[in-house]
Amino acid sequence: MGSRASTLLREEEIEEIKKETGFSHSQITRLYSRFTSLDKGENGTLSREDFQRIPELAINPLGDRIINAFFPEGEDQVNFRGFMRTLAHFRPIEDNEKNKDPTASEPLNSRSNKLLFAFRLYDLDRDDKISRDELLQVLRMMVGVNISDEQLGSIADRTIQEADQNGDNSISFNEFIKKVCL
Amino acid sequence: MGWFLLPFDNLLCIVLGISFTVGFSSLLVIVVPAVLGVSIGIRRLYMKSLLKVFEWATVRMERGAKEKNQHLYKPYSNGIIAKELSSLEQEIQELRASGTTLSSEPEFEMADIMYFCRRGVESIVDDEVTKRFSAQELESWNLLTRSNFNARHISLRLSVLWGLGLFIRYGFLLPLRVTLAASGIGLLVVLTTIVGFIPSGWLRTYLSEKIHLMSYRICVRSLTAIITYHNSENKPKNGGICVANHTTPIDVIILANDGCYSMVGQIHGGLIGVVQRAMVKSSPHIWFERSEVKDRHLVAERLSNHVADKTKHPILIFPEGTCINNTSVMMFKKGSFEIGCTVYPVAIKYDPRFGDAFWNSSKFGMVNYLLRMMSSWAIVCSVWYLPPMSREEGEDAVQFANRVKAAIATQGGLVDLLWDGGLKRGKVKNTFKEEQQKLYSKVLVGDQEDQGEDRPQEDEEEEEELEEGDQNEDRPLEDYTPRPLEDCSLRLQEEEEERGSETPMKDQ
């Protein structure tokens, strides 16, 4: 398990990941240890089955969607860099970062990138709009069989009605931000 | 050429002679007290000196790391992220910041998704279950490569020490231990068979007890197990069941070293089968054929018959059904708690500094595992005998099992988990997900009667271990501890040393 952890991750790689994601050195080594412990096949990448082996994730109603977020388009394996890139969205925003170089590209854990992550959980086909169907899908995942189709449909309709501002019967990213951040 | 070989021959003879003498005298020093049942205290002295060496080694490594200005890998015993405990309803309320209580109008907010999202990612970073199935990480180094995460920071002196340790462990300790183990088991088999010929009676029971105890004492010494027994007044008595947390097959030897138990298990082929068949000749152990294992009624019947007979020794059972890494206690299968006799809980806690006793059965086979055990420094553990417990009025088997489990976890300083140890190999049941969905639906539509009731129980996908039959009923999720969502951020646990700019701060 962990005995190969810090030896397989080179210092240069750690530096690169640090720059890209903003995690500290020790956080990166710790997360690498976690990555290797999940990697049962020991081939340096994680597959969807590796994630599903985590019981607490398997019982999460949105578990599959969250797992998908780690895998780039059409791929079945994620390496450590990709793993860290996705996790970076969840790093708390620090005050001293806000005043950094404004010309640098937006950090992965900026507020809008976090919201984009959540938006993508709804927007499966990546057309930058949450349609009624996509909303219904996510709702169905979250409530299981406990709510009837009609009731769920009316919840979806009401939500789109409240959030939609340009009348296209779907929710764009900007409308999403307005709705979520009040 | 004869003259050339002669001095070499002499040297060889001398070396062989010395090693035989050393080996034989050590054997004598170890076996004789084992047979007589006394302890000289060599092992404790050994343990103390080893501890001093380990501390020195850790200090050296830290110094080495500081000189090179590199980071030392330090394990976190508290987990990677800081988690707070609150329920699903509370969190969603906070998310919405509506200030009103749950209304009966269906209410959905798009931000609700953040709650599940964050919980999911938290469990990816650190979850309570998967880490129980691999060896614990140590704070200091114990000169075994298998537990060293900082291989780059070893200085010359440390390497020499490690090399010396290697030689001692593999060159001296291992052969000695293997010999001891072989003699212990051999004695057990031969003597129990002999005693089996004596007709049932006082003499046979007495001799059988003595033989079992003696063999186990030799086996304990063959592993250099240093055991401390606490509260021996609570030792299990005849007509009861002894339950303990399970870390390794060696648990059996450790408990049987101090008292006589009847074992329960499946009968194997090969060497273990021989031992099992010999043991049962002189004292009543309960071995099942493979076909009988799935038959719960047969199993329960044999166990009840055994405890009803007060002349027979207490039964030793490990209700977890599988080996866990000794940081937690997982779900107890309810079978042994249905029998209705007194239960004697025992907590076993290993000290991982001298050698990790956990058997990771997916990684190592039995022989490999035993070799690793015998080439560790020692196996140090504490055994607590807890006061006997019985099932109370109005308590069902599952609640009783959980009560016993909580007592064992508290005593041993282990985390009390509701998760099933069977998750080591099997998938979690869908009913847990359905519980979550039910809870969330309540938030959406208020506390109306659930629609879509009476879902059939999912088929069990987990492997079944010996005898215990049905899985426990699904636990209500009040016991499951959900995490808070703070605007999609996770707080990573900090080290004590690193402060200032490294400290992640909470989001507004």
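Just so we're clear, the structure is a prediction, and the values are computed from it rather than from any experiment. (Residues numbered from 1 in each chain as written. Chains lettered and ligands numbered in written order. Predicted model: local features only at pLDDT ≥ 70, side-chain atom pairs only at ≥ 80, totals over all residues. Heavy atoms only, no water.)

(A) Spatial organisation of the overall build of chain A. Check the secondary structure of chain A and you find 12 helices and four strands. Residue pairs in contact within chain A that sit at least 24 positions apart in sequence constitute 50% of those at least 6 positions apart. As displayed, chain A has an accessible area near 8400 Å², and 47% of this comes from carbon and sulfur atoms. (Helix = DSSP H or I, 4+ residues; strand = E, 2+ residues; numbered from the N terminus. Contact = heavy atoms within 4.5 Å. Areas by Shrake-Rupley, 256 points an atom, 1.4 Å probe, with all protein chains shown as cover.)

(B) Molecular detail of the nonpolar core. Ranked by internal contacts, the top residues of the largest apolar core, which has 65 residues, are Phe51 and Phe83 of chain A together with Phe108 of chain B. Looking at this core element by element, the count peaks at eight residues for helix H4 (residues 112-125) of chain B. Discounting residues that sit within four places of it in the chain, Phe51 of chain A has contacts with Leu46, Leu57, Ile67, Phe70, Phe71, Val78 and Phe83 of chain A together with Ile124 of chain B. Of all hydrophobic cores here, the second largest spans 39 residues; its members include Tyr216, Ile253, Tyr261 and Trp359 of chain B. (Core = buried A, V, L, I, M, F, W, Y, C linked by side-chain atoms within 4.5 Å. Buried < 20%, exposed > 50% of the residue type's maximum accessible area, 1.4 Å probe, protein only.)

(C) Molecular detail of the pairing of strand E8 (residues 379-385) of chain B. Residue and element names in this part refer to chain B. In terms of burial, E8 is a largely internal element, seven of the seven residues being buried. Of the two faces of E8, both are covered, the one formed by Ile379, Cys381, Val383 and Tyr385 as well as the one formed by Val380, Ser382 and Trp384. Bridge analysis of strand E1 (residues 225-230) against E8 gives six bridges, and the strand direction is parallel. The residue bridging Thr228 from the neighbouring strand is Ser382, located in E8. (Pairing = 2+ DSSP bridges.)

(D) Layout of the UniProt feature "domain: EF-hand" (unreviewed entry) in chain A. Residues and elements named next belong to chain A. In the numbering adopted here, UniProt assigns the feature "domain: EF-hand" (unreviewed entry) to residues 26-61 and 110-145. Here residues 26-61 is 61% helix and 6% strand, with 32 Å between the C-alpha atoms at its ends. The straight-line gap between the two end C-alpha atoms of residues 110-145 is 36 Å; of that span, 67% is helix and 6% is strand. (UniProt positions renumbered as here; feature names shortened; annotations may be inferred.)

(E) Structural view of the UniProt feature "transmembrane region" (unreviewed entry) in chain B. All names here are of chain B. In the numbering used here, UniProt assigns the feature "transmembrane region" (unreviewed entry) to residues 14-42, 154-172 and 178-203. Annotated as 83% helix and 0% strand, the span residues 14-42 places its first and last C-alpha atoms 27 Å apart. Counting secondary structure, residues 178-203 comes out at 81% helix and 0% strand; the distance between its end C-alpha atoms is 32 Å.

(F) The arrangement of the sheet that holds E8 of chain B in detail. All names here are of chain B. Spatially, seven strands are ordered E1-E8-E7-E2-E5-E3-E4 in an open sheet, and the strand pairing comes out mixed. The open sheet has two edge strands with one neighbour each: E1 and strand E4 (286-288). When the angles between neighbouring strand axes are averaged without regard to direction, this sheet yields 25 degrees. Contacting strand E2 (241-244), strand E7 (343-351) and E8, helix H11 (residues 397-412) runs over the sheet at an angle of about 35 degrees to E7. (Axes fitted to C-alpha atoms, helices over the stretch in contact; angles between N-to-C directions.)

(G) Broad picture of the environment of Met47 of chain B. All names here are of chain B. Along the polypeptide, Met47 turns up in helix H2 (residues 42-67). In this structure, the C-alpha to C-alpha distance between Met47 and Val415, residues 368 residues apart in sequence, is 27 Å. If we ignore the near neighbours within four places in the chain, the residues touching Met47 are Ile226, Phe354 and Val380.

(H) Just the packing of helix H5 (residues 156-196) of chain B against helix H8 (residues 270-282) of chain B, in detail. Residues and elements named next belong to chain B. H8 packs onto H5 with a crossing angle of 40 degrees between their chain directions and a minimal axis gap of 7 Å. If you check the angle between H5 and H8, you find them oblique. Where H5 crosses over H8, the two elements pack in a sense that is left-handed. Seen from H5, the contacting residues are Ile185, Leu188, Val189, Thr192, Thr193, Val195 and Gly196; seen from H8, they are Val274, Val275, Ala278, Met279, Lys281 and Ser282. (Parallel < 35°, antiparallel > 145°, perpendicular 65-115°, else oblique. Left-handed = near helix turned anticlockwise from the far one by under 90°.)

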